Amino acid sequence: MTANRLAESLLALSQQDELVDLPKDCLLSGSEDEGDNDGEREHQKLLEAISSLDGKNRRKLAERSEASLKVSEFNVSSEGSGEKLVLADLLEPVKTSSSLATVKKQLNRVKSKKTVELPLNKEEIERARTPLEQEIFNLLHKNKQPVADPLLTPVEKASLQAMSLEEAKMRRAELQRARALQSYYEAKARREKKIKSKKYHKVVKKGKAKKALKEFEQLQKVNPAAALEELEKIEKARMMERMSLKHQNSGKWAKSKAIMAKYDLEARQAMQEQLAKNKELTQKLQVASESEEEEGGTEEVEELLVPDVVNEVQMNADGPNPWMLRSCTSDTKEAATQEDPEQLPEPEAHEVSESEGEERPVAEEEILLREFEERRSLRKRSELSQDAEPARSQETKDSSSQEVLSELRVLAQKLKENDQSRKQKASSKGTIPQVQREEPAPEEEEPLLLQRPERVQTLEELEELGKECFQNKELPRPVLEGQQSERTPNNRPDAPKEKKKKEQMIDLQNLLTTQSPSVKSLAVPTIEELEDEEERNQRQMIKEAFAGDDVIRDFLKEKREAVEASKPKDVDLTLPGWGEWGGVGLKPSAKKRRRFLIKAPEGPPRKDKNLTNVIINEKRNIHTAAHQVRVLPYPFTHHWQFERTIQTPIGSTWNTQRAFQKLTTPKVVTKPGHIINPIKAEDVGYRSSSRSDLSVIQRNPKRITTRHKKQLKKSSVD
Amino acid sequence: METAPKPGRDVPPKKDKLQTKRKKPRRYWEEETVPTRDGASPGPPCNKKNRELRPQRRKNAHILKKSRISKKPQVPKKPREWKNPESQRSLSGAQDPFPGPAPVSVEVVQKFCRIDKSRKLPRSKAKTRSRLEVAEAEEEETSIKAARSELLLAEEPGFLEGEDGEDTAKICQADIVEAVDIASAAKHFDLNLRQFGPYRLNYSRTGRHLAFGGRRGHVAALDWVTKKLMCEINVMEAVRDIRFLHSEALLAVAQNRWLHIYDNQGIELHCIRRCDRVTRLEFLPFHFLLATASETGFLTYLDVSVGKIVAALNARAGRLDVMSQNPYNAVIHLGHSNGTVSLWSPAMKEPLAKILCHRGGVRAVAVDSTGTYMATSGLDHQLKIFDLRGTYQPLSTRTLPHGAGHLAFSQRGLLVAGMGDVVNIWAGQGKASPPSLEQPYLTHRLSGPVHGLQFCPFEDVLGVGHSGGITSMLVPGAGEPNFDGLESNPYRSRKQRQEWEVKALLEKVPAELICLDPRALAKVDVISLEQGKKERIERLGYDPEAKSPFQPKPKQKGRSSTASLVKRKRKVMDEEHRVDEYWDGLGLPQATPSCLCLCPCQPATSHCPCVLPLSGPQDKVRQSLQQQQQQQQQQQQHKEVKAKSTGARPSALDRFVH
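Please read these numbers as outputs of a predicted model, since none were measured by experiment. Counting of residues starts from 1 at the beginning of each chain's written sequence and follows it residue by residue. Chains and ligands are labelled by the order in which they are written, letters from A for the one and numbers from 1 for the other. Reporting of local features is limited, given that this is a predicted model, to residues whose pLDDT is at least 70; pairs of side-chain atoms are given and counted only at 80 or more, and all residues count toward the totals for whole chains, interfaces and linings. The side-chain quantities take in all heavy atoms of the structure and omit both hydrogens and water.

> Describe the overall build of chain B, and please don't skip the residues or the numbers.
Helix numbering and strand numbering both begin at the N terminus, where a helix is a DSSP run of H or I of at least 4 residues and a strand a DSSP run of E of at least 2. In terms of regular secondary structure, chain B is built from 12 helices and 28 strands. Each residue is assigned to one of three classes by its accessible area relative to the maximum for its type, calculated with a 1.4 Å probe on protein chains only: buried under 20%, partly exposed between the two thresholds, exposed over 50%. Per-residue burial over chain B gives 48% buried out of 658 residues. In chain B, of all internal contacts separated by at least 6 residues, the share reaching a separation of at least 24 is 50%. Working note: accessible area of chain B is about 33,800 Å², and carbon and sulfur atoms make up 53% of it. What makes two residues a contact is simply this: any of their non-hydrogen atoms within 4.5 Å. Surface exposure here means Shrake-Rupley accessible area, sampled with a 1.4 Å probe, where a residue is shielded only by the protein chains that are shown.

Here you go:
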């Protein structure tokens, strides 16, 4: 009998691998760790079975000796024992107290005894007489769906039990949010897709292709291995595109041939040829998809296609998440190796980047996040297995696949760039804190996006759910911490050498709290001072004690007030009660106020706009303005021109004596006592008679007018 | 005089016309070319001229030699291609080894140039351009003259240089006194005045006189060089601050209650009761304003020439006891207990600017003589140097062990800080550079805590007032070595002082002109200008200066199609654009054709004969005759001008006259 049992257990053990139970498949423990230490475990099982032959502790659960991936109460793996884990087992207390045992037994008895037999149930099962019905029932039963009433499925029931109301609400809110986001995204995509302009699409496609090409080239330089895979992908996409689009009767040529085909034999033949080719090509694709290797790939493509782009974003979004990046341990590698080979490229890329990551976050966070990741991958796989059979032949690739692929590539590239840039930033520690601070934001969003609107299906998922809620609470904290840690260097007083950008506002705090080197004075002042100084000193001490507590804030406030005061004021021309009822407590309507408000034009920017520590008075100095020139003299058209001519001072204070004299010589100097004849018409005209007026001597030849010159010439000639 | 810097400019070909239109400046080295053009031989007349010029030439050479001796950096701007062996030969046969005017260093000339050429002007008319050119030429000329006169600044600033690796701060006063000559050594002294408390002190603008006031009422003024006491009184009241007015004859003392003014005999001239509880005094010499900061928080400007209070401004920041003036623009800087420094002008009720400098209160403020840097020290024990050229940002910061209670700048930009009973002096690289706070240039320990600091103008001396009296320290390189004898002459007699006083009063700058930019007067009041323009447009109903947009003429035969209209418009637009660009690019005056007609008249003639009606052969004959006549006239003119210019034109020789 014992031998029989042993044989049974062994059998169960060997069967375990083939067990294709859906929830079981989802279980990480079931599928993941099998490949590695299969033999070892089997050996242990055997030993156990043999040891249990004496019959004492048959039901003893296998002890776990190796470190498990998940050490948490939600994820107890049942790999050691041959039996399945039941929820009831877990809910039970570890030790049943002896006092309650009797009561319990009684209760159990009561429970097992059914007061009323339910013949209906049996009847229904019996009712399924036709093979179809039987099959359906079978299926329902297998999936643990309610057969009788539209009651809750066991899973749902369990979920109800497992979750508190608040948790459920939270969870629902999250899901709603995610769903909403997804729907927005979908709507957007639909809208974009709906655009009829062929040109637009062409341009978009072209742009995408170009971008992808560029990125690919970049990738080629940076990471040849990844580039090769990308290349393969591109090739595949090209093939798919070719198979899907060409050799159908949708092309221009094909259409023209279709018209001709009715009359032209050749055309008909050509068409047929084309169709045959098309068939051949598509057939080939199917054949390829059946083969093991291709399957995953196409699946993946489909998986990427079928859900929406949100999922895709999710997939790739773990790139910018610094936590995910750094959590590169052997475990993730294991997980990666167990996953489909097609899913590898990205994790690999991560690893490449990850291996460069220096610091490791705290272990807890790491574990949490890893679990997160695992769960996601699990879900994906479950989805795969669900979708696999129906989706296999269903979806042919459409043109959008190309787009999606290219987008994928774009995203991947971006991720890599992000990584690189982050690394650069890390190397140039804390020079640009803003950029770093921005990044945690998507990180915060991600966990929400990651959760797909999906029903919990298995118990483990349920448990995970609970954990998730717990994690969601947990997660923001490290982010906040990160922010703080990033902010602190910003607040930290910088060295005075640190150069500020011009555009950057000058930080007042920095300005005033710069750590300046202290002087090592040769002669340190002696402290002892006279009595009358002491009083002052005391005051000073008090001042020092209270120094700088509110100085900056006060100053900023003052500046704000000054800025406000200097702003041009709007003119409000509303007449309350005009055109409407007026009176106490009645205010003119907003519309009216808006209509009659004359907005003042914005003045020129303040001089102290970028100088935080300065308030410059923008008021016009009228007293000075009274002394300034306010009318442009004749030949000048712009005040700059005139300003240039008056910039040189003429006074003797600023000039040498000689220069001063020269600058101040009058245009015309008359000899004292000489008679100056009045001007005659001849003087003005060109034909002047003898004019020996020596009283006028030209001193400043530069200022001679042309007329004078002419006259001078004339007179000299004469 | 135009010799030196002119060649630097490339004269554009088109400018020739413009020049010929004016009277062509004649250079004496061009003598040869003109006679050859005339066809005359360059023989005897040239010699004659040379003979006339000879004595002057010699003088020239003499001075030039002198200029060679002075070790100023000289940049020969142009090879002396005008060297004419013939003309340089004098009667004795000796040759002038340095003919022509002395070369001037470009940098020195640049120093005196005031026109800001960085700003591009909008395209201007020919007339405007000529005015601009004249202004620029004048500036150049005057700056060259000023640069030449730098030769007269014979003195050089002193300095202290440690032997390799030696810290100058370790050199004590005794060492310096030992090293310098007796006259300078006499400038280091100590006045032991322990009885009347810590002293404030002030040097007169000439740097010859020193006034000091002790906390316990001791006021004295003396000629500190000769140590001749002018007056010594006890005002029987606490003295907060003391300051000379425009000359050493008047003395303002801020006493416990009111502001008093004494003359150099110690006679009280005024008691100004409107300025009460004054803590600090500052005198603005060009405006004749005495600025007082009071305990009541008022900044009062007193015009000492007419005895009126120009402005009394409420700083609204409590007790004022930190004040200094900006010597560049006469703006008063006040330090407040909330860490700000405010800049004041009597023309404005509010501060011109407010700068947040320290976390604690401001203890001392000083502004250097160029008005570029401001040093502040605060209760946070920091000493900062701010840039005052628009940015008001700290250039350098230093934490001092006890913080500086007093600050002062010297004329050459040395910064002194009084910390307790120690005085630290920092020096910069040159005159225009801020003092570097890394290493003190000099330190000195006094017998008591510092209460007042000032560098003596035109002397390498720092006066320190402390509780133990007055100390006069030697600080090599502190003062400006050359003084302007007409402006502030330390050696002036009484008569000269009186003369200067009258002149200074005549040149008094109105108080309302004080503003942050002292060159604001050289600017047009743009707001009023715009306002006036707008009003004019409103009055007239149209803009008289507006250029009407180009309207292509209507044409026949389909040439007035829209396309062609647009094309024509575009053409005009492009043309304007091109011209604009051209002038912008060159920055040269636009050529104006002096004569548009194609007649063979000389470009030099101002009016063209072809304006006359051409009707018959007689006219033609007449025309040709006229032309001949004109040509003759021109030639004669040329000659005359030459003759005149040799006498009247300023040449290299006019250097001797001034």
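Now, onward.
> Give a description of the sheet that holds strand 15 (residues 332–335) of chain B that names residues and reports values.
Strand order in the open sheet formed by five strands is 3(A)-17(B)-16(B)-15(B)-14(B), and the pairing between neighbours is antiparallel. Each edge of the open sheet carries a strand with a single partner, namely strand 3 (614–616) of chain A together with strand 14 (322–325) of chain B. Each strand of the sheet is rotated relative to its neighbour by a mean of 15°, with strand direction disregarded. Pairing geometry for strand 16 (residues 340–344) of chain B and strand 17 (residues 353–356) of chain B, over four bridges, is antiparallel. Bridge assignment links Thr-340 of chain B to a residue of strand 17 of chain B, and that residue is Leu-356 of chain B. The criterion for strand pairing is that DSSP finds at least two bridges linking the strands in question. Axis definition: a line fitted to C-alpha atoms, limited for helices to the stretch in contact. Angles are taken between N-to-C directions and run from 0 to 180 degrees.

> Describe a negative patch on the surface, naming the residues involved and giving the relevant values.
Residues and elements named next belong to chain B. A cluster of acidic residues, Glu-163, Asp-164, Glu-166, Asp-175 and Glu-178, forms a negative patch at the surface. One can find Glu-178 in helix 7 (residues 173–179). Relative accessible area serves as the criterion here: at 70%, Glu-178 is assigned to the exposed category. Exposure above 30% relative accessible area and no salt bridge define the residues that can form patches, which grow by joining like charges within 9 Å and nonpolar side chains of Val, Leu, Ile, Met, Phe, Trp and Tyr within 5 Å. The salt bridge criterion pairs a side-chain nitrogen of Lys or Arg with a carboxyl oxygen of Asp or Glu, the two atoms within 4 Å. For the purpose of counting charges, residues Lys and Arg are taken to be positive, whereas Asp and Glu are taken to be negative. His and the chain ends are not included. Each charge is placed at NZ for Lys, CZ for Arg, CG for Asp and CD for Glu.

> Which residues make up unusual backbone geometry, and what are the values?
Residue and element names in this part refer to chain B. A positive phi angle, close to 55°, is found at Phe-288, a residue other than glycine. Note on Phe-288: relative accessible area 1%, which makes it buried. A positive phi is found at Ala-330, a non-glycine position, where the angle reads about 60°. Positionally, Ala-330 belongs in the loop between strand 14 and strand 15.

> Go over the pairing of strand 9 (residues 268–276) of chain B with me, naming the residues and quoting the values.
Residues and elements named next belong to chain B. When strand 8 (residues 258–263) meets strand 9, the two strands line up antiparallel, connected through five bridges. Residue pairing in the sheet places Tyr-262 in a bridge with Glu-268 of strand 9. A loop of four residues connects strand 8 with strand 9, the two strands running antiparallel in sequence, and Gly-266 in this loop sits at a positive phi of about 85°.

> Got a sec to walk through the pattern of salt bridges? Specific residues and values, please.
All names here are of chain B. For the coordinates displayed, the defined rule picks out 29 salt bridges over all chains. Two residues, Arg-319 and Asp-321, come together in a salt bridge whose shortest N-O distance is 3.6 Å. Judged by relative accessible area, Arg-319 falls into the partly exposed class, the value being 36%. Residue class for Asp-321 comes out partly exposed when judged on its relative accessible area of 31%. The network of salt bridges with shared partners includes Arg-240, Arg-277, Glu-295, Arg-319 and Asp-321.

> Lay out the environment of Pro-481 of chain B with the relevant residues and their values.
Residues and elements named next belong to chain B. Within the secondary structure, Pro-481 is located in the loop between strand 28 (469–474) and helix 9 (494–506). In this structure the C-alpha to C-alpha distance between Pro-481 and Gly-158, which are 323 residues apart in sequence, comes to 8.1 Å. The residues contacting Pro-481, other than those within four sequence positions of it, are Glu-155, Glu-156, Pro-157 and Arg-412.

> Help me get a handle on the UniProt feature "repeat: WD" (unreviewed entry) in chain B, residues and values and all.
According to UniProt, the positions carrying the feature "repeat: WD" (unreviewed entry) are residues 355–389 of chain B. Structurally, residues 355–389 of chain B comprises 0% helix and 57% strand, and the distance from its first C-alpha atom to its last is 13 Å. UniProt positions are given in the numbering used here, feature names are shortened, and annotations may be inferred rather than shown by experiment.

> Help me get a handle on the sheet that holds strand 22 (residues 406–409) of chain B, residues and values and all.
Residues and elements named next belong to chain B. The strand order across the open sheet built from four strands is 22-23-24-25, with neighbouring strands paired in antiparallel fashion. Edge positions in the open sheet fall to strand 22 and strand 25 (442–445), since each of these has one partner strand only. When strand polarity is set aside, the average angle formed by the axes of neighbouring strands in this sheet is 15°. In terms of strand pairing, strand 24 (residues 422–426) meets strand 25 through four bridges, oriented antiparallel. Counterpart to Val-422 in the pairing with strand 25 is Arg-445.

> I'd like to hear about the confidence of the model for chain A, residue by residue, with values.
Residues and elements named next belong to chain A. On average, residues of chain A score 64 in pLDDT, and 42% of them reach the 70 mark or higher. Contacts for the low-pLDDT stretch residues 284–363, under 50 throughout, to residues beyond four places or in other chains number 125 contacts. This stretch, residues 385–401, has a pLDDT under 50; its non-local contacts, to residues over four places away or in other chains, come to 17 contacts. Known as pLDDT, the predictor's per-residue confidence is scaled from 0 to 100.

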